Amino acid sequence: MNISKKLKTNVEYLKKKLRSDDVEFLDITVKDVPVTLIFLKDVADKEALGELVLKPLSNMTAAPEKNSLENLFLSPEKTVVKNMEELVSQIVLGDTAFLCEGLDFSYTFGLKKFEKRPISEPPTSAVIKGPREGFVESLPVNISLMRRRIKSPDLIFENLTVGRYSKTPVSLCYIDGIAKKSLVNSLKKKLQSISIDAVLDSSYVEKFLGEHKTSIFKQVGNTEKPDILSAKILEGRVAIFVDGSPIVLTVPYLLMEDFQSPSDYYNSSYSATIARVLRLLSVSISLLLPSLFVAAELFHLQLIPLSFLLTIVNSIKGIPLSPSYEMFFTLLIFEILNEASVRMPKYVGMVVSIVGGLVLGETAVNAGIISAPTLMIVAFSGICLFTVPELEQILSLIRLVLLIIGGSFGGYGIIMAICFIAIYLVSFENYKTPLMAPFSPLVTPDLKDGIYKGFLIEQRKRPLSLKNANVRRMGQNGKRS
């Protein structure tokens, strides 16, 4: 439906569509011509509305008409709307609409003002050295943080709207000439095809971007730090910003990303390499230690050193549970404590952690419900798990599966399960990018930023695993493909 020249007709239609009490219809008269401003009372910036719209209207010396209004308003965000449905959409997004008797179009002004959290260091990516800024829930603020770091006309933002009721602004971010156009177009098509009532966080969008819907492994990267995101899109990735979420998604995703820490790039190459090896070793210990311990107790006692075996035998005297049930029960307690400490209020959560970890664990050992070696292994496994917090949920599930297999089939079952997981991972692709790159397939130049953290001057090319359009980032200018 097009906007009518009759103001009364337009206002009646809008009042039928916009029935909420927070929609304000401000009727004024300018030189005997009726004018109506429509805006959301709790969203519109009333000070800016008065300065940039109402004040120029009050200073008019003649009746408002198309020519006199064209350059009257001082708002930098001014658009002309001729369709009623489009006008309704603009108003519910927070814009202010201007309707005038005798005009078959409306002006809309981007004079919205939302409350937002101040920029601070994200809790998920704390660093000792390096920038401490983190993304917030405001999309314009997040875009400005990126513009501060990459001052190039090739930094492109493409805006979309997702969600039938939420109308959530979503923005694709990439560097033209580095990111593959086919990847950008594929992501844009996926975002446009999302049909859902509301998108309240970037995790909603993440579910639609993965090409393997039933996989437990991550298929989309994420970050809360502008400096890390800048580095990722400079390597050829595409970022997805979602208004209302401080977590920005990145595609394509490599498993090795989660073994890399923000501080790796601000410390020496030697310390970063050692830290990555420790993370990989910790994850291996976390996954395998509980299941191998149970398998050794049940099926492979000859693998346990005699002195350690005597310690275990003495500790399990009187334990009513079998080794596998004992380990499962202890892991269950650990997961419950972890969930409770996260969900409960901050200070109460600390008390739960202390009471659960010390009092409950010590009491369970003294009561003869679980053995001390089992408690120690579960605690050590849990600590190792959090060296890679991004994969904590996935690794917890795999650890539980390996424990069940180890308790049922012994060491041979664990080896078969590891082989199955390895085969699955090396064959896993998302957006034509192997998940296990640069190790499978082996991309030798990319090994300079794998487990080994190479020196900056060695990394003259962007990761070939990402198949970006411009491979050279140091030295002579690369050619666009």
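Everything numeric in this text was worked out from a predicted model, so none of it was measured.

### Structural notes on helix H13 (residues 372-385)
Phase 1 of the analysis: In this model H13 runs 20 Å from its N-terminal to its C-terminal C-alpha over 14 residues, within 8% of the 20 Å that 1.5 Å per residue would give.
Phase 2 of the analysis: Burial in H13 covers these residues: Pro 373, Thr 374, Ile 377, Val 378, Ser 381, Gly 382, Cys 384 and Leu 385. When H13 is viewed along its axis, its buried side chains cluster within an angular range of 165° and face the same direction. In H13, the exposed residues that point more than 90 degrees away from the buried face are Met 376 and Ile 383.
Phase 3 of the analysis: Tucked into the core, H13 has its buried residues touching helix H9 (269-298), helix H10 (306-315), helix H11 (323-343) and helix H14 (392-426).

### Here's the deal with the pattern of salt bridges
Phase 1 of the analysis: One pass over the structure, following the stated rule, counts 18 salt bridges.
Phase 2 of the analysis: Between Lys 218 and Asp 258 there is a salt bridge whose closest N-O contact spans 3.2 Å. In this pair, Lys 218 sits in the loop between helix H7 (202-209) and strand S8 (221-223) while Asp 258 sits in the loop between strand S10 (248-251) and H9, placing the two residues 40 residues apart along the sequence. Like Asp 258, Lys 218 is buried.
Phase 3 of the analysis: You can call Lys 218 buried: its relative accessible area is 12%.
Phase 4 of the analysis: A single salt-bridge network, built from bridges that share partners, covers Lys 232, Glu 235, Arg 237, Glu 257 and Arg 473.

### Quick look at the layout of surface pockets
Phase 1 of the analysis: Quantified by volume, the second largest pocket comes out at close to 1300 Å³.
Phase 2 of the analysis: Lining the second largest pocket are 45 residues, and of these Leu 93, Lys 112, Phe 114, Pro 140 and Pro 169 lie nearest its centre.
Phase 3 of the analysis: Of all the secondary structure elements, the ones that give two or more residues to the lining of the second largest pocket are helix H2 (46-58), strand S3 (78-81), helix H4 (84-92), strand S5 (106-109), helix H5 (139-149), strand S6 (155-162) and strand S7 (168-175).
Phase 4 of the analysis: Per-class residue counts for the lining of the second largest pocket are 20 nonpolar, 12 polar and 13 charged.

### Regarding the side chain of Ser 269
Phase 1 of the analysis: Considering the arrangement of structural elements, one finds Ser 269 in helix H9.
Phase 2 of the analysis: Within the structure, the side chain of Ser 269 is placed 3.3 Å from the backbone oxygen of Gly 454, a separation counted as a polar contact.
Phase 3 of the analysis: Not counting chain neighbours up to four residues away, the residues in contact with Ser 269 comprise Lys 453, Gly 454 and Phe 455.

### Looking at the side chain of Glu 224
Phase 1 of the analysis: Note that Glu 224 resides in the loop between S8 and helix H8 (226-234).
Phase 2 of the analysis: Lacking a salt bridge, the buried Glu 224 has Arg 117 as its closest oppositely charged neighbour, with an N-O distance of 5.2 Å.
Phase 3 of the analysis: Filtering out sequence-adjacent residues up to four positions away, Glu 224 remains in contact with Pro 122, Thr 124, Glu 133, Gly 134, Phe 135, Pro 246 and Ile 247.

### Quick notes on the packing of H9 against H14
Relative orientation and spacing of two packed helices are given, respectively, by the angle between their axes and the distance between those axes.
Phase 1 of the analysis: Here H9 crosses H14 at 40°, and the two axes come no closer than 8 Å. The orientation of H9 with respect to H14, classified from their angle, is oblique. Helix-helix and strand crossings are classified by hand; for H9 and H14 the assignment is right-handed. Seen from H9, the contacting residues are Val 283, Ser 286, Leu 287, Leu 288, Pro 290, Ser 291, Leu 292, Val 294, Ala 295 and Leu 298; seen from H14, they are Leu 395, Ile 398, Arg 399, Leu 402, Leu 403, Gly 406, Gly 407, Gly 410, Gly 411, Ile 414 and Ile 418.
Phase 2 of the analysis: For the contact of H9 with H14, the per-class residue count stands at 14 nonpolar, 6 polar and 1 charged.

### Considering the packing of aromatic side chains
Phase 1 of the analysis: Considering all chains together, one arrives at 11 aromatic pairs under this definition.
Phase 2 of the analysis: Taking 6.3 Å as the distance between ring centres and 40° as the angle between the ring planes, the aromatic pair formed by Phe 98 and Tyr 107 counts as tilted.
Phase 3 of the analysis: Under the relative-accessibility criterion, Phe 98 is labelled buried at 1%.
Phase 4 of the analysis: Summarising the aromatic geometry, the rings of Phe 135 and Phe 241 are spaced 5.6 Å apart at their centres and angled 90° between planes, so their arrangement reads as edge-to-face. One end of the pair, Phe 135, is in the loop between S5 and H5; the other, Phe 241, is in strand S9 (residues 238-242), and 106 residues separate them in sequence. Side by side, Phe 135 and Phe 241 carry an identical accessibility label, which is buried.
Phase 5 of the analysis: Chaining the aromatic ring pairs together yields one cluster made of Phe 73, Phe 98, Phe 105, Tyr 107 and Phe 109.
Phase 6 of the analysis: Cation over ring: Lys 15 sits above Phe 25, and NZ or CZ is 5.4 Å from the ring centre.

Conventions used here
- Residues numbered from 1 in each chain as written.
- Predicted model: local features only at pLDDT ≥ 70, side-chain atom pairs only at ≥ 80, totals over all residues.
- Heavy atoms only, no water.
- Helix = DSSP H or I, 4+ residues; strand = E, 2+ residues; numbered from the N terminus.
- Expected span 1.5 Å × (residues − 1).
- Buried < 20%, exposed > 50% of the residue type's maximum accessible area, 1.4 Å probe, protein only.
- Arc of directions from axis to C-beta.
- Contact = heavy atoms within 4.5 Å.
- Salt bridge = Lys/Arg side-chain N within 4 Å of Asp/Glu carboxyl O.
- 1 Å grid on protein atoms, 1.4 Å probe; cavity = no way out; pocket = protein on both sides within 12 Å on 5 of 7 lines; lining within 4 Å.
- Points joined across faces, edges and corners; volume = space filled by probe spheres on them.
- Nonpolar A, V, L, I, M, F, W, Y, C, P; charged D, E, K, R; others polar.
- Polar contact = N/O pair within 3.5 Å; in protein donor to acceptor, adjacent residues only side chain to side chain.
- Lys, Arg positive; Asp, Glu negative; His and termini not counted.
- Axes fitted to C-alpha atoms, helices over the stretch in contact; angles between N-to-C directions.
- Parallel < 35°, antiparallel > 145°, perpendicular 65-115°, else oblique.
- Left-handed = near helix turned anticlockwise from the far one by under 90°.
- Phe/Tyr/Trp six-rings, centres within 6.5 Å; stacked < 30°, edge-to-face > 60°.
- Lys NZ or Arg CZ within 6 Å of the ring centre and 35° of its normal.

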